[in-house]
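Descriptive analysis of the structure
These are the residues of each chain, in order.
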Amino acid sequence: MKLHLYLGLCVATISCTGCASIVSGTKQKISIDSNPPGATVVVDNAVATDCVTKQPAVTPAKVVFRRSKPHTVVLSLTGYDDVSVMLHQGSEPWVWGNLGFGGIIGILIDMGDGAAFRLKPGHVDVTLDPVAPPPSATATNTPPPADTGVAPPPSATATNTPPPADTGAMPAPPEQK
C-alpha cells in the first residue's frame, strides 16, 4: 500500500510540472554590453539589477529576465543617444519533451509559467552613438551675398580724416653707388 501511495505521489508531482520548467526554468540570464561601456540598463521602464553584483545594472552586465513575456531594454549613457532593444519570445525546444513525458498538462504548465519560451536575442551588444551637437547660435543658413560689382559702403569704423597736407618738400633722391 505504501508503494502505491509513493508512486501515486511521484506521478502527481511529475504531472504538475512540464519538461521545459524542469530543464530550463522560467527565467533566463542575458549578457548586456555596450560600446562605450557604462550605460545604465533599464528594463520595462525600471532600472535593472545586475545578477552578479546585485547593484543597478551598468554595462557590461548580466540581467535575469522572466521568460513569460517580451521585454524592452533601453541603454542610456550621458552624451549618447539612448538605444532600445526588444527581447522577443521564441520557442524553447524542451517544451516538446512534454509529448513523451508530461502530456498536455506539462505543455499547459510550461506555457503558463513562461518556460515554453526562450528570449531572443540571447545576448545584447550595442554601439551607442554620440548625441549630435546643437546647431550653433551664430551659424545661419543664409547664403553669402552675391557680387553685384558695386563697391560696398564705407565701413562704420573708417574715419573721415583728410589726407596728409603737402608740405612742399621734395623727396630725397635715390642713393647712388
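Residues numbered from 1 in each chain as written. Predicted model: local features only at pLDDT ≥ 70, side-chain atom pairs only at ≥ 80, totals over all residues. Heavy atoms only, no water.

**Quick look at the overall build of the protein**
Formally: In DSSP terms, a helix is any run of H or I states spanning at least four residues, a strand is any run of E spanning at least two, and both are numbered starting from the N terminus. Partly exposed describes any residue whose relative accessible area lies between the buried limit of under 20% and the exposed limit of over 50%, with all areas from a 1.4 Å probe on protein chains only and scaled to the type maximum. Contacts between residues were defined by any pair of non-hydrogen atoms, one from each residue, lying within 4.5 Å. For the area figures, the Shrake-Rupley method with a 1.4 Å probe applies, and any residue is considered shielded solely by the protein chains shown.
Per the secondary structure count, the protein includes three helices and eight strands. Within the protein, buried positions represent 24% of all 177 residues. Here the contacts in the protein between residues at least 6 apart in sequence split such that 69% fall between residues at least 24 apart. For the protein, the computed accessible surface area is about 12,800 Å², with 64% contributed by carbon and sulfur atoms.

**Side note on unusual backbone geometry**
That bond from Asn35 to Pro36 is cis: its omega, 5 degrees, falls within 30 degrees of zero. Turning to its location among the elements, Pro36 is positioned in the loop between strand E1 (27-35) and strand E2 (40-43). Across the junction of Thr59 and Pro60, the peptide omega takes the value 0 degrees, indicating a cis bond. The residue Pro60 is located in the loop between strand E3 (46-47) and strand E4 (61-66) in this model. A positive phi angle, near 50 degrees, is found at Asp44, a position not held by glycine.

**A look at the side chain of His71**
The condition is simple: Whenever a nitrogen or oxygen atom comes within 3.5 Å of another N or O atom, the pair is scored as a polar contact, on the condition that within protein one atom can donate a hydrogen and the other can accept it, and that pairs from neighbouring residues in sequence are kept only if both atoms are in side chains.
Along the chain, His71 falls in strand E5 (residues 71-76). Within the structure, His71 has its side chain in polar contact with the backbone oxygen of Arg66 (distance 2.7 Å). When residues no more than four places from it in sequence are discounted, the contact partners of His71 are Val43, Asp44, Phe65, Arg66, Val85, Met86, Leu87 and Leu119.

**A closer look at the pairing of E2**
Worth spelling out the cut-off: Strands were regarded as paired on the criterion that DSSP finds at least two bridges between them.
Side chains Val41 and Val43 project from E2 onto a buried face, and the interleaved Thr40 and Val42 project onto a face without burial. The pairing of E2 with E5 spans four bridges and is classified as antiparallel. Looking at the pairing, Thr40 lines up with Ser76 of E5. Bridge analysis of E2 against E3 gives two bridges, and the strand direction is antiparallel. Along E3, the bridge assignment pairs Val43 with Ala46. Adjacent in sequence and paired antiparallel, E2 and E3 are bridged by two residues, among which Asp44 carries a positive phi angle near 50 degrees.

**Some details on the sheet that holds E1**
Let me state the cut-off plainly: The angle between two axes is taken between their N-to-C directions and runs from 0 to 180 degrees, where each axis is a line fitted to C-alpha atoms and a helix contributes only its stretch in contact.
Strand order in the open sheet made by the three strands is E4-E1-E8, with mixed pairing throughout. Looking at the sheet topology across the chains shown, the edges are occupied by E4 and strand E8 (123-127). Mean inter-strand twist for the sheet, computed between neighbouring axes without regard to direction, equals 25 degrees. When E1 meets E4, the two strands line up antiparallel, connected through six bridges. Within the sheet, the bridge partner assigned to Ile32 lies in E4 and is Ala61.

**With respect to the environment of Asp125**
With respect to the helices and strands, Asp125 occurs in strand E8. Judged by its relative accessible area of 55%, Asp125 falls in the exposed class. Setting aside its immediate chain neighbours within four residues, Asp125 contacts Asp33 and Ser34.

**Brief notes about the nonpolar core**
The test is simple: For the purposes of this section, nonpolar cores are sets of buried Ala, Val, Leu, Ile, Met, Phe, Trp, Tyr and Cys residues that join through side-chain atoms within 4.5 Å.
With 18 residues, the main nonpolar core has Ile32, Val41, Val63, Phe65, Val73 and Leu75 as its most contacted residues. Looking at this core, the elements with two or more residues in it are E1, E2, E4, E5, strand E6 (83-91) and E8. It is E4 that provides the largest number of residues to this core, a total of three residues. When near neighbours in sequence (up to four residues on either side) are disregarded, Phe65 contacts Thr26, Lys27, Gln28, Ile30, Ile32, Val43, His71, Val73, Leu87 and Leu119.

**What to know about the confidence of the model for the protein**
Under the convention used in this document: Values of pLDDT, the confidence the predictor places in each residue, fall between 0 and 100.
Summarising the model, the protein shows a mean pLDDT of 74, and 49% of its residues fall at 70 or more. A low-confidence stretch, residues 12-21 (pLDDT under 50), is modelled with 27 contacts involving residues beyond four sequence positions or located in other chains.

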